[in-house]
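In case you want the letters, here they are:
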Amino acid sequence: MRADTKTRIALAVVLSAAISGTVAHAPALAQEPPTRSEQARGSVLDGSPPPVFPESITRDERGRATVRAIRLDEPLVVDGRLDESIYSDFRPFGDFVQVTPTAGAPSSERTDVWIGFDDTHIYVTCRCWDSAPPSAWVSNELRRDATGVRNNEHFGVMLDTFYDRRSGVMFYANPLGARSDYSVVDEGTTNRDWNPVWDVAGGVFDDGWILEMAIPFKSLRYNAGPDRMWGIQIRRSIRHKNEWTYLNPVPAFMAGPQALNRVSAAGTVVGLDLPPAGSNIELKPYAIGGLTTDRVSTPPVSNDATGDVGLDFKYGLTSNLTADVTLNTDFAQVEVDEQQVNLTRFSLFFPEKRDFFLEGRGVFEFGQGGSGGFRPGRGGRFGRGGGDTPTLFYSRRIGLDRGAVIPIRAGGRVTGKVGPFSVGAINIQAGADDGADVRATNYTVLRLKRDVLERSSIGALFTNRSVAISGDGTSRTYGLDGSFAFFESLEMGAYWARTESPELQGDDESWQAALSYEGDKYGATVSYLEVGESFNPEVGFLRRSDFAKSSGSLRFSPRPVSLESVRKLTWEVGVDHFADGRSALESRRQSARFEIEMENSDQISVERVHEFERIDEAFAISSDLDIMPGRYSFESQRLTYQSGPQRPISANLSYQWGDFYDGSIRALTVNEGRIVVSNHLSLEPGVSVNWLDLPRGESTQAVFLLRADYAFTPRMFVSSLFQYNEAEGTLSSNLRFRWEYAPGSELFLVWTDERDTGPRGSGLRTRGLVIKATRLLRY
C-alpha cells in the first residue's frame, strides 16, 4: 500500500476518534494484503480469517464503532455469493450488541460485515451465521416495503451521509432478497415511502445466510470529496429468537427495530472517497389510460374512456437541497383508504398514501416535540396526526375534498438542509371541480427548522390557502415550535400557532407544552394543550376546538429475571382532562393498564377506563341511533392479545366490554392480522364489530376487510383489498398489479369496484380500470 494512502487513512481515523473523544482507540494502519498462499489458509465461509490483515474496527468508551470502508478496483457482482477478492483480502467486522432480550449483551449469533465502495456505489455485505437450521428461520416475505420484511430475519444499515447525528437513510433486506427502505429526519418521523434505486441479493451457506447490497451514490445526498466520514448503524434481527442486535449500543428502552432511527447513537465509517454528486437530474414521465363507471354522479357515467400524461422532475440544487416538480399529477395507483368505525362526535383521520406528499414529509412535521418525535402518552394522544393536538399541515386537504378527487395541475417542492437549517417549501395549484363545488385553489406551505444543541431544534411553519373554506378570502396559519432532547430519555416540546380565517375573529390561537421521560424501567409524561374556539387551520386537521387539555401518565416496566418466559411487565396509569373555553369540565378519561410481554414476543394486556362526557348537542353513531345531550359517566374494560408478528399466523385481538354513555358496548377487533400461506402468498384479515345497546335502541357497527398479496418476485406483486361496511351497506374491492420492470420504472394495473348491499338498494355504485406506466430517467 502506498505511504500517502496509509497517511490518509490514519488521518481520517484519528479525526473520527478525536470527534468521539477516543484517539487512543484509533485502528492500526492497514498492512499489505495477504498473498495467495496465505489466503489459501483461510476460507471465506469457514469463518477463519486470513492470517495477515489490518484491524477494521475500533470502539470508543461508549462502545460506538469506527469502521473503515474498502476502496474497490472493480464493481461487486451482487449475487449473494462471497466470491470476490474483498472477502478473502479483508477481514470483516462484527461484534454486534443486543438491545433485546438482554440489553448490552453480545449477540447470540455471529455477524460479519464488509463495507466497500467504488466510483458509483457503496456496498454493504453481511454474512449472518445462525446455529439454527434454515427451517427455523423466519423468512417468508418477497414484497418490497412490506411489514413482513421487518418481521423476518433481516439485516439493515443506516447511513448518516451528512454526519449530523440527526437524520439518515435506512436499507434492509431478508435472506430472500426482499427489500425495504425509508428515511428519518431529526430522529423523528419515518418516511417509509422513500423508494430509492438500489440492488440487493440474498444467498445461503452451510451455517447461515448472506446479503449483498449495492447502493448507487446517485440515490444519496452527501458532501463529495476524499476521506469523508459518514455515520453508520447496522441492525440484525434474529427473528426466530426474538433478538435484535446492533453494531453500536442503543438505549435499552428502544428494544426492537426502532433503535435504528436513533441516529445519534451511530458509529462512524471512514475512508470514503466520494465522487461529485453532479446535477442528479431525474425525469419520470407517465402515461395513463382507463375506463370509469359512476352511477351515483350527476350525470351518471358508464365506461367513460380517459387518457393522460404527466411528468415528475427532480433536481439536486445542492448536495443537500432537492427540488421536485410535478405536472398533471396522478395518483391512480394508490391503494384505497381502509374504512373505519366512528363512535365519536369527531371527524376521522385518514393517513396520506400519495407518493408526492409522502416524500420528505418529515421536514414538515410540526409540534411533534423532541428529536425522537415527541409522543408522550398512549392511544395516539400526541402522535403524527388525528389526535387532539392539531395537525397544521395535513396534505390530504390538497387534491381531495369530501371523497372527491380534485385535479392537481402542477406543484413544486424544495426540501433539504442549508447548514444547520432544515428547509421545506411546497406550492400546489389544484384545479376546479364543478361537480364537487370546489374552486381552483393554490396551496403554500413553508417550513424552517434550526438545529440547536445535540438533538434539539426550533422552527417555524406557515401555510396559505388562496380560497378559504370559512368564507371569501384566504386562510393562513402561523406557528413556532421547539423540541429539546436531553440525555437518553428526557424530551420536551412546545408550540404556539395562530390562524387567520374569513369570518372567524378572536380566540384563534393554540399552544402546547409537554415533558416526557421514557426510560426502560420508568416512564412519565405531562402536558398541557389549548385550542381556541376560532382556531381553524384549513390546510391542517383539527379534531376538536375550544378546549384546554391537561394530561399525565406514569409507567413502571421491570424485566423480571425470575420469570424465564416473561421479558417485561408494564403497569401504566394515565389521565386526560378537557375543559371548554369557559373552564367547565367537558371530558375526562382515566385509565389503568397492565401488560405482559413474553420472550416469544407475544403480548397480553388488560385495561380499565373510566370516562366522563358532557354532550351539548346530539350526534349520530348510526343511521338510526343518536347520543342525546346530557352528562355521562361510564366504565369499560379491554383485553388484548398480540401474537408475535414473526409467526406464520399473527394478529392483534382485542375485546372490549362495559358501559357506553347510558347503555352498554361489546366490541371485537382484529387488526394487524397476517396469515403466511407461502413465501409468495399472504392474507391480512381485519375485523371491527361493535354491538351497542342503548335505551333508544340497539345497533351493530361492523367493518370487515381482507387484504391478499401475491409476490411473483421482489419486483412484481399483486395486492387486493376487499372491504365490507355493514352500517353503510357497501362492498368494495381494490386490486393492484405492480411491476418494477426497470430500477425506478413501474407498470401498474388497478381495478376498483364498489357496490351497495344494504336496504337502500343493491348493485354497482362505481367501477374503474386503470393502466399506468412510468419511466425513470437519470442524468
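Here the structure is a predicted model, which means the values were calculated and not measured.

A. Representation of the overall build of the protein chain within the structure. Of the regular secondary structure elements, the protein chain holds 5 helices and 44 strands. Buried positions account for 53% of the 779 residues belonging to the protein chain. When contacts within the protein chain are restricted to residue pairs at least 6 apart in sequence, those whose partners lie at least 24 apart make up 58%. As presented, the protein chain carries roughly 33000 Å² of accessible surface, and 56% of it is formed by carbon and sulfur atoms.

B. Region of interest: the nonpolar core. By size, the foremost hydrophobic cluster in this structure holds 38 residues, and its most contacted members are Ile115, Phe155, Leu159, Phe171, Leu220, Trp230 and Ile234. Sorting the residues of this core by element identifies strand S2 (65–68), strand S5 (111–117), strand S6 (121–129), strand S7 (154–160), strand S8 (168–173), strand S12 (208–216), strand S13 (225–238) and strand S15 (267–274) as the ones contributing at least two each. Judged by nonpolar contacts, the second largest core, of 28 residues, contains Val334, Phe356, Leu529 and Val539.

C. Representation of the sheet that holds strand S11 (residues 199–205). Taken in spatial order, the 5 strands make up an open sheet running S3-S5-S6-S12-S11, and their pairing is mixed. Each of the sheet's edge strands pairs with one partner strand only, and the pair in question is strand S3 (70–71) and S11. Both S11 and S12 contribute to a ladder of 7 bridges, which runs antiparallel. Counterpart to Ala201 in the pairing with S12 is Glu212.

D. Layout of a nonpolar patch on the surface. A contiguous nonpolar patch, built from Ile604, Val606, Leu639, Tyr641, Leu653, Tyr655, Trp657, Leu668 and Trp691 and spanning about 720 Å² of accessible area, is present on the exposed surface. Looking at the nonpolar patch, the elements that each hand over two or more residues are strand S32 (603–615), strand S35 (630–642) and strand S36 (649–660). Here the element with the most residues in the nonpolar patch is S36; it accounts for 3 residues. Mapped onto the elements of the fold, Leu653 is located in strand S36.

E. Up close: the pairing of S32. Relative to S32, strand S31 (residues 585–598) runs antiparallel, the two being bridged by 11 bridges. Counted as the bridge partner of Ala592 is Arg608 from S32. Between S31 and the antiparallel strand that follows it, S32, lie 4 residues; Ser601 among them carries a positive phi value of about 80 degrees. Note: S32 against S35, 13 bridges, orientation antiparallel. What sits directly across from Phe612, in S35, is Ser633.

F. Up close: a negative patch on the surface. Side chains of Asp507, Glu509, Glu530 and Glu533 sit close together on the surface and give a patch of like negative charge. On the secondary structure map, Asp507 appears in the loop between strand S26 (490–500) and strand S27 (509–518).

G. View of the environment of Ser108. Structurally, the position occupied by Ser108 is in the loop between strand S4 (97–100) and S5. For the pair Ser108 and Thr245, spaced 137 residues apart in sequence, the C-alpha to C-alpha distance is 8.9 Å. Apart from the residues lying within four places of it in its own chain, the contact partners of Ser108 are Gln98, Ile238, Lys241 and Glu243. A polar contact is formed between the side chain of Ser108 and the side chain of Lys241, at a distance of 3.1 Å. Reaching out from Ser108, the side chain makes a polar contact with the side chain of Glu243 at a distance of 2.6 Å.

H. Spotlight on unusual backbone geometry. Between Thr100 and the following residue, Pro101, the backbone shows a cis peptide bond with an omega angle of 15 degrees. Structurally, Pro101 is set in the loop between S4 and S5. For Tyr163, which is not glycine, the phi dihedral falls at a positive 55 degrees. Within the fold, Tyr163 resides in the loop between S7 and S8. Residue Tyr163 is classed as buried on the basis of its relative accessible area, which comes to 17%.

I. Just the pattern of salt bridges, in detail. Evaluation of the coordinates by the stated rule reveals 61 salt bridges. For Arg544, the salt bridge goes to Glu586, with nearest N and O atoms at 3.0 Å. Here Arg544 is found in the loop between strand S28 (522–531) and strand S29 (547–556), whereas its partner Glu586 is found in strand S31, with 42 residues between them in sequence. Using a relative accessible area of 8% as the deciding quantity, one classes Arg544 as buried. You can call Glu586 buried: its relative accessible area is 13%. Residues Asp756 and Arg765 are paired through a salt bridge, measuring 3.6 Å at the closest nitrogen-oxygen approach. When salt bridges that share partners are traced, they join Arg144, Asp145, Arg179, Asp181, Asp199, Lys284, Arg715, Arg738, Glu740 and Glu746 into one network.

J. Examining the confidence of the model for the protein chain more closely. With 90% of its residues at a pLDDT of at least 70, the protein chain reaches an overall mean of 87. Low pLDDT (under 50) marks residues 1–47, which in the prediction has 74 contacts with non-local residues, meaning those over four places away or in another chain. Note that pLDDT drops below 50 for residues 370–383; the model gives that stretch 50 contacts with residues more than four away or on any other chain.

K. Representation of the packing of aromatic side chains in the model. As enumerated under the stated definition, the model contains 30 aromatic pairs in all. Here the aromatic rings of Phe634 and Tyr661 are separated by 4.9 Å at their centres, their planes lie at 35 degrees, and the arrangement is tilted. With Phe634 in strand S35 and Tyr661 in the loop between S36 and strand S37 (663–676), this pair connects stretches of sequence that are 27 residues apart. The same class applies to Phe634 as to Tyr661, namely buried. Note on Phe704 and Tyr724: the rings are 6.4 Å apart at their centroids and 20 degrees apart in plane angle, and the pair reads as stacked. Placement of the pair is Phe704 in strand S39 (residues 697–713) and Tyr724 in strand S40 (residues 716–725), with a sequence separation of 20 residues. In this structure an aromatic cluster arises from ring pairing among Phe619, Tyr632, Phe634, Phe660 and Tyr661. Over the aromatic face of Trp198 sits the side chain of Arg179, whose NZ or CZ is 5.4 Å from the ring centroid. The aromatic ring of Phe331 is capped on one face by Arg354, whose charged end is 5.3 Å from the ring centroid.

Calculation criteria
- Residues numbered from 1 in each chain as written.
- Predicted model: local features only at pLDDT ≥ 70, side-chain atom pairs only at ≥ 80, totals over all residues.
- Heavy atoms only, no water.
- Helix = DSSP H or I, 4+ residues; strand = E, 2+ residues; numbered from the N terminus.
- Buried < 20%, exposed > 50% of the residue type's maximum accessible area, 1.4 Å probe, protein only.
- Contact = heavy atoms within 4.5 Å.
- Areas by Shrake-Rupley, 256 points an atom, 1.4 Å probe, with all protein chains shown as cover.
- Core = buried A, V, L, I, M, F, W, Y, C linked by side-chain atoms within 4.5 Å.
- Pairing = 2+ DSSP bridges.
- Patch = residues over 30% accessible without salt bridge, like charges linked within 9 Å, V, L, I, M, F, W, Y side chains within 5 Å.
- Salt bridge = Lys/Arg side-chain N within 4 Å of Asp/Glu carboxyl O.
- Lys, Arg positive; Asp, Glu negative; His and termini not counted.
- Charge placed at Lys NZ, Arg CZ, Asp CG, Glu CD.
- Polar contact = N/O pair within 3.5 Å; in protein donor to acceptor, adjacent residues only side chain to side chain.
- pLDDT = per-residue confidence, 0-100.
- Phe/Tyr/Trp six-rings, centres within 6.5 Å; stacked < 30°, edge-to-face > 60°.
- Lys NZ or Arg CZ within 6 Å of the ring centre and 35° of its normal.

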